[in-house]
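If you want the building blocks of each chain, they are given just below.
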Amino acid sequence: MKKINKKKTLITGITGQDGAYLAKFLLDKGYEVYGGYRRLSTPNFWRLQYLGIFEKIKLIPMDLIDINSIYEAIKISQPDEIYHLGAQSFVGASFDVPQATAEITGLATTAFLETIRHINSKIKFYQASTSELYGDGAYSMLRENSPFRPSSPYAVAKLYAYWITRVYREAYGIFAVNGILFNHESPLRGLEFVTRKISNAVAKIYLGLEKELVLGNLDAKRDWGYAPEYVESMWLMLQQPEPDDFVIATNETHSVKEFVKEAFKCVSLNFQKYIKTNPRFKRKFEVNFLLGDYSKAKKRLNWEPKTKFSDLVKIMVNEDLNRWKKWQDGERFAFDAPFYPSEKNIINRSL
Ligand code: NAP
Ligand code: F7E
């Protein structure tokens, strides 16, 4: 009988939110999954454990500022598809470490494209582009051809990565695409991002473990979707006959305040009793409004978001509530929040 070769993929940023969901998605599709990860003083595989896939992935040490490790990871994995999700992805932190952000989030993309060009130009490449490219000032629906006006060192680094991806597509015919994803959230979201900061705090307040929730700009609006649905769009982009760039969004926008209200509603508490603001959580240069139009993705990829805003909030609050309850009952499992007690002692250099 003829042996059917499994498709192989290399995912960078496999320990992050999207990397973990995408790894699960591709394993379920029958892919052999390799993941690039960096050594940290405290290992960070909780998301892969949480999804029950840690044992099924082959991990390759790789740092995005080390071009040799990128080359090596591609040589070892011999992938059909690379999903480049690794990045210094926190906008706030990019004001604190702008140069590192440029190298990790921007320049590393070139290392992948150059290696693909030299080793095997048939490898398909996904670049994790972002709605932050549009920046502040656009109060309308944003599409693939809307102008970019990056408003943070993170967005500037991503702008470089976006264009170098397009240049390699045009110049060398590499199948390289940009997924311009608007914010997408889940119970695997990092704790410093506003949605998870809120869901985690609401769960703790409800259980008497915390007294208040301190945020920055409550009026900022985002187009928030559900991360497990968004990783499917990444795969769909690489299955098209021709490489192209796509906006992935929900066509809805909501303020941080609406997210807060909805989250407290999940536990029947009045948000006004617990919410505080502090300028230390406000950005120097804010992106006040983001709203995406996913019609091209709907038409060409047959992709559509399914989870509505209020359901997304419920999923996140309920999951954090379940985790804290289990934790209080003495159950031990892979979970980040107990090891990130508070942001109080972090000096925010960007203010
Ligand atoms: P995330 O949870 O912050 O994950 C980022 C990943 O990058 C982690 O695995 C992290 O590893 C890895 N990484 C960071 N610096 C690295 C380095 N120097 N070398 C190797 N790996 C490194 O981000 P996410 O939310 O999953 O987002 C995935 C990608 O999509 C990112 O590129 C992000 O910028 C982009 N994006 C995200 C959104 C969104 O709303 N989530 C929207 C648009 C675009 P550690 O675990 O070791 O830190
Ligand atoms: O901020 C406001 C904050 O940090 C959302 C990344 O995945 O999505 C993400 O970037 C909004 C901003 O995400 C707090 O000022 C208020 O207006 O959750 P965030 P982000 O900056 O939108 C894009 C698409 C990416 O590509 C990025 O990688 O919420 N906000 N108060 C706050 N934000 C935080 N973090 N903490 C607060 O206390």
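The rules behind these values
Residues numbered from 1 in each chain as written. Chains lettered and ligands numbered in written order. Predicted model: local features only at pLDDT ≥ 70, side-chain atom pairs only at ≥ 80, totals over all residues. Heavy atoms only, no water. Axes fitted to C-alpha atoms, helices over the stretch in contact; angles between N-to-C directions. Helix = DSSP H or I, 4+ residues; strand = E, 2+ residues; numbered from the N terminus. Left-handed = near helix turned anticlockwise from the far one by under 90°. Contact = heavy atoms within 4.5 Å. Nonpolar A, V, L, I, M, F, W, Y, C, P; charged D, E, K, R; others polar. Near = heavy atom within 4 Å. Polar contact = N/O pair within 3.5 Å; in protein donor to acceptor, adjacent residues only side chain to side chain. Areas by Shrake-Rupley, 256 points an atom, 1.4 Å probe, with all protein chains shown as cover. Domains from an automatic or database assignment. Buried area = accessible area lost by both parts, 1.4 Å probe. Salt bridge = Lys/Arg side-chain N within 4 Å of Asp/Glu carboxyl O. Buried < 20%, exposed > 50% of the residue type's maximum accessible area, 1.4 Å probe, protein only. Right-handed = clockwise from strand over helix to strand, strands pointing away. Pairing = 2+ DSSP bridges.

Q: How should I be thinking about the packing of helix 1 (residues 17-28) against helix 8 (residues 227-238) in this particular structure?
A: Packed helices, taken two at a time, are described by the angle their axes make and the gap between the axes. Relative to each other, helix 1 and helix 8 sit at 65°, their axes nearing to 9 Å. Here helix 1 runs over helix 8; the crossing is right-handed. Each of Gln17, Asp18, Tyr21, Leu22, Phe25 and Leu26 in helix 1 lies in contact with helix 8, whose residues at this interface are Ala227, Pro228, Val231, Glu232, Met234 and Trp235. For the contact of helix 1 with helix 8, the residue count by class is 9 nonpolar, 1 polar and 2 charged.

Q: Mind showing me how you'd approach the site of ligand 2 here?
A: Near ligand 2 there are 23 residues, and of these Ser89, Thr130, Tyr154, Arg283 and Glu286 occur at the shortest range. With respect to ligand 2, the side chain of Arg189 contributes an N or O atom lying 2.9 Å from an oxygen atom. At 2.8 Å from a nitrogen atom of ligand 2 is found a main-chain nitrogen or oxygen belonging to Gly216. Coverage of ligand 2 by the protein amounts to 95% of the 700 Å² it exposes when considered alone. Looking at which domains feed residues into the shell around ligand 2, each of domain 1 (8-184 + 225-248) and domain 2 (190-222 + 253-289 + 308-343) supplies at least three.

Q: For this particular structure, what's the right way to read the site of ligand 1?
A: In the vicinity of ligand 1 lie 27 residues, with Thr15, Arg38, Asn44, Ser89 and Tyr154 positioned nearest. The side chain of Arg38 places a nitrogen or oxygen atom 2.8 Å from an oxygen atom of ligand 1. One nitrogen or oxygen atom from the main chain of Ala87 is found 3.1 Å from an oxygen atom belonging to ligand 1. For ligand 1, whose unbound accessible area comes to 900 Å², protein coverage reaches 91%. Looking at the shell around ligand 1, the elements with two or more residues in it are helix 1, strand 5 (124-130) and helix 6 (153-172). The greatest single-element share of the shell around ligand 1, amounting to 3 residues, is contributed by strand 5. A breakdown of the residues in the shell around ligand 1 according to their chemical character gives 11 nonpolar, 11 polar and 5 charged.

Q: Mind showing me how you'd approach the domain arrangement of the protein chain here?
A: When the parts come together, some accessible area is lost, and that loss is often what is quoted as the size of the interface. Along its sequence, the protein chain is carved into domain 1 (8-184 + 225-248) and domain 2 (190-222 + 253-289 + 308-343). One C-alpha centre belongs to domain 1, the other to domain 2, and the line joining them spans 26 Å. At the interface, 19 residues of domain 1 touch 19 residues of domain 2. A combined buried area of about 1,800 Å² lies between domain 1 and domain 2, and 62% of that area is made up of carbon and sulfur atoms. Three residues, Trp46, Tyr50 and Phe90, lead the burial of domain 1 against domain 2; their summed loss comes to 32% of the area buried on that side. Run the count over domain 1 and domain 2 and you get 1 salt bridge.

Q: Please clarify how the pairing of strand 6 (residues 176-181) should be interpreted in this entry.
A: For a regular strand, side chains alternate in direction, first toward one face of the sheet and then toward the other. The element strand 6 is largely enclosed, with a buried count of 6 among its 6 residues. On strand 6, burial covers both faces: Ala176, Asn178 and Ile180 on one face and Val177, Gly179 and Leu181 on the other are all buried. For the crossover that starts at strand 5, traverses helix 6 and ends in the parallel strand 6, the hand is right-handed. Where strand 6 lies against strand 11 (residues 246-248), 3 bridges are found, and the strand directions are parallel. If you follow Leu181 over to strand 11, its bridge partner there is Ile248.

Q: Help me out: how do you make sense of the pattern of salt bridges in this one?
A: Note on pairing: side chains with opposite charge can pair once their charged atoms come close. For the structure shown, the criterion picks out 22 salt bridges. The salt bridge partner of Lys276 is Glu212, with a shortest N-O separation of 2.6 Å. One end of the pair, Lys276, is in strand 13 (residues 275-277); the other, Glu212, is in the loop between helix 7 (194-206) and strand 8 (213-215), with 64 residues separating them in the sequence. According to the relative accessible area criterion, Lys276 is partly exposed, its value standing at 47%. Between Glu286 and Arg222 there is a salt bridge; the shortest N-O distance is 3.9 Å. Of this pair, Glu286 sits in the loop between strand 13 and helix 10 (295-301) while Arg222 sits in strand 9 (residues 221-222), placing them 64 residues apart in sequence. Of the residues examined, Arg222 reaches a relative accessible area of 8% and is grouped as buried. Connected through salt bridges with shared partners, the residues Arg196, Asp320, Arg323 and Asp336 form a single ionic network.

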